[in-house]
Amino acid sequence: MKLENTLHFSIQALFGYPARTLLVLLAMAMGVASVMVLTSLGEGARLYINREFTSLGTNILIVLPGRSETTGGPPPLLGQTPRDLTLEDALSLKKSPFVAKVAPIVIGSAPVSWRQKDREVTILGTTADMFDIRQLTMGQGAFLPPGDPSSGSGIAVIGYKIKKELFGNQSALGEWIRIQDWRFRVIGVLAKKGQSLGMDMSDLVIIPVASAQSLFNTEALFRIMIQAKNRNAISTAKDAILRIIQDRHDGEDDITVITQDAILSTFDRIFTALTFTIAGIAAVSLGVAGILIMNVMLISVSQRKSEIGLLKALGAGYSQILQVFLAEAAILSMTGALLGLVLAFLGTYIIARLFPYFPVHIPPWSVAASVLTAQVTGLIFGVLPARRAAAMDPVSALSRR
Amino acid sequence: MIRLSHIDRVFFVGEEQVHALADVSLEISAGEYVAVMGPSGSGKSTLLNILGLLDRPTKGLYQLENDPISALSNEQQAQVRLNKIGFVFQFFHLIPRLTAAENVELPLILAGIDPGQRKPRVRQALESLGLSDRARHRPDQLSGGQRQRVAIARATIMRPSLILADEPTGNLDRTSGNEVIQILEDLNRSGISLIVVTHDPALGERAKRNIVMTDGQILSDRQQAP
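Residues numbered from 1 in each chain as written. Chains lettered and ligands numbered in written order. Predicted model: local features only at pLDDT ≥ 70, side-chain atom pairs only at ≥ 80, totals over all residues. Heavy atoms only, no water.

What follows covers the packing of helix 3 (residues 100-110) of chain B against helix 4 (residues 115-128) of chain B. Residue and element names in this part refer to chain B. At a closest axis distance of 10 Å, the pairing of helix 3 and helix 4 adopts a crossing angle of 130°. Classified by the angle between their axes, helix 3 and helix 4 sit oblique to one another. As for the relative orientation of helix 3 and helix 4, their crossing is right-handed in sense. Seen from helix 3, the contacting residues are Ala101, Val104, Glu105, Leu108 and Ile109; seen from helix 4, they are Arg118, Lys119, Arg121, Val122, Ala125 and Leu126. Broken down by class, the residue content of the contact of helix 3 with helix 4 amounts to seven nonpolar, no polar and four charged. (Axes fitted to C-alpha atoms, helices over the stretch in contact; angles between N-to-C directions. Helix = DSSP H or I, 4+ residues; strand = E, 2+ residues; numbered from the N terminus. Parallel < 35°, antiparallel > 145°, perpendicular 65-115°, else oblique. Left-handed = near helix turned anticlockwise from the far one by under 90°. Contact = heavy atoms within 4.5 Å. Nonpolar A, V, L, I, M, F, W, Y, C, P; charged D, E, K, R; others polar.)

The following block contains the structure:
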């Protein structure tokens, strides 16, 4: 019996029982599609985080007060009281040739009011360098002017959302707002920009760092954001920063420098692992589909007993009958997998339309892996029914109608 | 052509041994027309199954065209069924989803014959049985007599030397039954050995040789007067 004849015979058999065939195809298609859609979501989450980090700026290093052993972890809670980072610490970092920009950050929350309107807002004290480091864009007016960071002045740049809430459609430029008991003149409004890494740049007020220090009555910086000269300078810059601060802190190595790359690669690893985990979970549904194929094939074998008996009487050998039933299982799982591909691309297309900012795309490996797994499970679970059919005793198979 | 020597076939029903065939010896020459009769449970179907290589004897020797059949592997026996034996069943055993022509074509496909050669052979076989206009019909669109004729076309498409018919008219009315028997007898006249298992004494009378079985043994074996 030639291969094309076996396939033809099997296809005819599958068309002979359309409801059963459709159900199995559906199960297989759902299994394959769920693997691919879920991995595309995992992959999307990874790309999303990646993009968020890039929007943070490029070649960024972050200096935190306190020493922590693991990169990207939180500063230690117990043990030591770290020495505060000061504005002088931050400015001294500019000495390093590998450091391009330095933006000290003081952060706090304070009531902001304009005329009768009043609300609690996150206040970010920083310098002009912040503009380039975070790659901000202005909607109106200008950002904080460069100048001596250690002298404060009563000027503020407000986020897009704050502007809308306090001023509505009126112009905010040149207006005086009150932060706690201090008066600040609005010199700029940030352009509308989405969230980045949990920090909503539209929902804050930026003032000079020295003003923020007075406002919150603190010398300590929350952290320092640094932009290295270029990508290759990142690790040298890190060493330079550690050395400079160590010198200033009486030889005490009491800061943590996080590089953007380190955080990025950590997240990357986490999300890749997550994607594989989801894929593994979804693969269970492929296994279930395989078992369903086995069930349906077993039912098929017992329903087609007399057909099998007949084939044997006509001279079909063990291997021929085995091939016919294996071919059926293979066709079922292959067609199901192809249907699943279509479903998956349709599904991700819909997701992409519903959530345009979320990057969904099916990673090629998941296409290959799910189709292959579908094939393999289909064949593995097809073997048992096929062997049962091939080993059937023709006399008893023919004895009943 | 066929030689059975001391064939036993034992089944186990629970703990009990049932001798479906007990020490059966039989010789059938090429081109013979034999009717096997007897009450149900007499072993005549078991005899037919063993002759058709669907069943293996528990003991004894079966020679078909001087080849010791019992020594062959399952796959080899399948080849013998394919090339030398044609079956005609009481319930026709046509595959319902296939057309008459496709049912007839099956043995050719199993034998791996090229499509170019298959089509004319199928057409010819259907034509000789008066089924040309039914080639594209499925079994449920055919009458009982037509179904059995399709089954006979299928049984003869490989030009076997032996046709085994198990109650070939058992499911047919008298007219189409007669038709079917006519066809089988025509085939026999062309040189194919024909063995028919039947309950019907009238049918048995038509055969040139009558074998009557009871309790797994041959009770009588006589030639009809010519």
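As a further point, take the nonpolar core. Proteins that are soluble and globular tend to have nonpolar side chains buried together. Counting residues in each nonpolar core, the largest one holds 115 residues, and the members touching the most others are A:Phe325, B:Ile2, B:Leu47, B:Tyr62, B:Leu184 and B:Ile195. If we skip the residues at most four places from it in the chain, B:Tyr62 touches B:Ile2, B:Arg3, B:Leu4, B:Ile7, B:Ile50, B:Leu51, B:Leu53, B:Asp67, B:Pro68, B:Ile69 and B:Ser70. Counting residues in hydrophobic clusters, the runner-up holds 42 residues, among them A:Leu93, A:Ala156, A:Ile177 and A:Ile255. (Core = buried A, V, L, I, M, F, W, Y, C linked by side-chain atoms within 4.5 Å. Buried < 20%, exposed > 50% of the residue type's maximum accessible area, 1.4 Å probe, protein only.)

Residue and element names in this part refer to chain B. On the basis of which strands lie adjacent, the open sheet formed by six strands has the order 6-7-8-3-9-10 and mixed pairing. In the strand order of this sheet, the two ends are held by strand 6 (85-88) and strand 10 (217-223), each with one partner. Within the sheet, the average angular offset between the axes of one strand and its neighbour, ignoring direction, is 15°. Strands strand 6 and strand 7 (162-166) of the sheet are contacted by helix 5 (residues 144-156), whose axis makes an angle of about 170° with strand 6. (Pairing = 2+ DSSP bridges.)

Residue and element names in this part refer to chain B. A sheet is described by the order of its strands in space; here four strands give the open sequence 2-1-4-5, paired in antiparallel fashion. Only two strands of the sheet have a single partner each, and these edge strands are strand 2 (16-28) and strand 5 (67-68). Looking at chain direction, strand 4 (residues 59-64) and strand 5 are connected through two bridges and run antiparallel. Across the sheet, residue Leu64 finds its bridge partner in strand 5, namely Asp67. Along the sheet face, helix 1 (residues 44-51) touches strand 1 (2-13), strand 2 and strand 4 and points at about 120° away from the line of strand 1.

The description of an aromatic ring pair uses the distance of the two centres, along with the angle that the planes make with each other. Taken as a whole and judged by the stated rule, the model has six aromatic pairs over all chains. Relative to A:Phe358, the ring of A:Tyr48 has its centre 5.9 Å away and its plane inclined at 40°; by these criteria the two rings are tilted. Taken together, the residues span a long stretch of sequence, with A:Tyr48 in helix 2 (residues 18-55) and A:Phe358 in the loop between helix 10 (318-354) and helix 11 (364-390) at a distance of 310 residues. Residues B:Phe87 and B:Phe89 carry aromatic rings whose centres are separated by 5.7 Å and whose planes lie at 5° to one another, so their mutual orientation is stacked. Look at B:Phe87 and you get buried, because its relative accessible area is 5%. Take B:Phe89: its relative accessible area is 9%, and that puts it in the buried class. In this structure, A:Arg183 is placed above the aromatic ring of A:Trp176, and the distance from its NZ or CZ to the ring centre is 4.9 Å. The side chain of B:Arg97 reaches across the aromatic face of A:Phe9, ending 5.3 Å from its centre. (Phe/Tyr/Trp six-rings, centres within 6.5 Å; stacked < 30°, edge-to-face > 60°. Lys NZ or Arg CZ within 6 Å of the ring centre and 35° of its normal.)

Moving on, we get to the domain arrangement of chain A. Considered domain by domain, chain A is made up of domain 1 (3-52 + 268-399) and domain 2 (83-253). A straight line from the C-alpha centre of domain 1 of chain A to that of domain 2 of chain A covers 57 Å. (Domains from an automatic or database assignment.)

Another point: unusual backbone geometry. Positive phi is not limited to glycine here, since A:Gln180 has a value of about 55°. Looking at the element boundaries, A:Gln180 is found in the loop between strand 6 (176-179) and strand 7 (182-190). The phi dihedral of B:Leu53 falls on the positive side, at around 65°, and the residue is not glycine. The topology assignment puts B:Leu53 in the loop between helix 1 and strand 4.

Below, the discussion takes up the environment of B:Arg138. Residues and elements named next belong to chain B. Residue position: Arg138 is located in the loop between helix 4 and helix 5. Taking relative accessible area as the criterion, Arg138 reaches 37% and is therefore assigned partly exposed. Here the alpha-carbon distance between Arg138 and Ala101, two residues 37 residues apart in the chain, equals 8.9 Å. With sequence-adjacent residues up to four places away left out, Arg138 is seen in contact with Pro96, Arg97, Leu98 and Thr99.

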